[in-house]
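Commentary on secondary and tertiary structure
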Amino acid sequence: VSTALILVWMQCLTVDQAFAAIKGRVVLACVAAYGLGDGLSNTKVTDVVAEGMVDFGSELGPVGVLFLVFFITSSMSCIVSNQATAIILYSVVKQCHVEGVSILQLVVMVVIGASSSFMTPFGYQTNLMVWKPGGYQFSDFTMMGTPLTLVTGGLASVLCWLLIE
């Protein structure tokens, strides 16, 4: 927002150009995801999912819980938009209470995981842009994206646990 204001102030953009650049589909997807997130919270679905994540993840230790949150978010982001994934899973992780893991660490893992949709060609726009012109198959994204996701998640989990309190 501040960057847009600076661009208008410096007369690099007009106000009309700035508003024309707003994509209605993106805004609609974010608004719908907030509604879905609230609906999941109000019906206590997020509580059940968070409890399941904590029960399963508590045996993995703090870094394991962070990796679990990353992997679930990344996997969901390969199917659903990264904005919607982050909004929906934020509703879940704010209900998680794990010994040795802060809410901030969980949220950071959701943000990183939502931006790590490497396992499918339709997980992110640039994946789609290179899919057919590059002659790639769906399996190429799975074969290369899965190890990349695991390495990214492992490093992000350890660094998040060490560097963020």
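Report follows, based on the coordinates. (Residues numbered from 1 in each chain as written. Predicted model: local features only at pLDDT ≥ 70, side-chain atom pairs only at ≥ 80, totals over all residues. Heavy atoms only, no water.)

1. Some thoughts on the overall build of the chain
This is how it is decided: Secondary structure follows DSSP: runs of H or I at least 4 residues long count as helices, runs of E at least 2 residues long count as strands, and numbering of each begins at the N terminus. When a residue's accessible area, from a 1.4 Å probe over protein chains only, is under 20% of the maximum for its type it is buried; when over 50% it is exposed; and in between it is partly exposed. Here a residue-residue contact requires only that any non-hydrogen atoms of the pair lie within 4.5 Å. In this description, accessible areas are obtained by the Shrake-Rupley approach with a 1.4 Å probe, and a residue is regarded as covered only by the protein chains that are shown. The sign given to each residue is positive for Lys and Arg and negative for Asp and Glu; His and the chain ends receive no count. Charged side chains are reduced to one point each, which is NZ for Lys, CZ for Arg, CG for Asp and CD for Glu.
Looking only at helices and strands, the chain has nine helices and zero strands in total. Seen through its C-alpha atoms, the chain measures out along the principal axes to roughly 55 × 40 × 35 Å. A burial count over the chain gives 32% of its 165 residues as buried. Counting contacts in the chain only where the partners sit at least 6 residues apart, residues at least 24 apart contribute 67% of the total. By element, 70% of the accessible surface of the chain is carried by carbon and sulfur atoms, the whole surface being about 10200 Å². Taken together, the 5 basic and 9 acidic charged side chains of the chain have centroids lying 17 Å from each other.

2. Here we look at unusual backbone geometry
At Gln 11, a residue that is not glycine, the phi angle is positive and equals roughly 65°. Here Gln 11 shows up in the loop between α1 (2-9) and α2 (15-20). Accessibility expressed as a relative area gives 71% for Gln 11, which makes it exposed. You will see that Lys 44, though not glycine, has its phi angle at about 70°, which is positive.

3. Re the state of the cysteines
Our working rule: Counting rule for disulfides: a pair of cysteine sulfur atoms within 2.5 Å.
A complete count under the given rule lists zero disulfides for this structure. Unpaired in this structure, Cys 96 has its nearest cysteine sulfur neighbour in Cys 160, at a distance of 14 Å. On the basis of relative accessibility, which here comes to 3%, the residue Cys 96 falls in the buried class.

4. Details of the packing of aromatic side chains
Using the following cut-off: Aromatic rings from Phe, Tyr and Trp, with only the six-membered ring used for Trp, were paired whenever their centres fell within 6.5 Å, and each pair was classed as stacked if the ring planes differed by under 30 degrees, edge-to-face if by over 60, and tilted otherwise. Put simply, a charge is over a ring when the Lys NZ or the Arg CZ is close to the ring centre, within 6 Å, and near the line of the ring normal, within 35 degrees.
Scanning the model with the defined rule gives four aromatic pairs in all. Between Phe 122 and Phe 138 the ring centres are 5.9 Å apart and the planes differ by 35°, which places this aromatic pair in the tilted class. A residue pair is termed long-range when its members are at least 10 positions apart, and Phe 122 in the loop between α7 (103-114) and α8 (125-131) and Phe 138 in helix α9 (residues 138-163) qualify at 16 residues. Through a chain of ring-to-ring contacts, three or more aromatic side chains come together here, namely Phe 67, Phe 70 and Phe 71. In this arrangement the basic side chain of Lys 132 is found over the ring face of Trp 131, its NZ or CZ atom lying 4.7 Å from the centre.

That is the geometry; function is a separate question.
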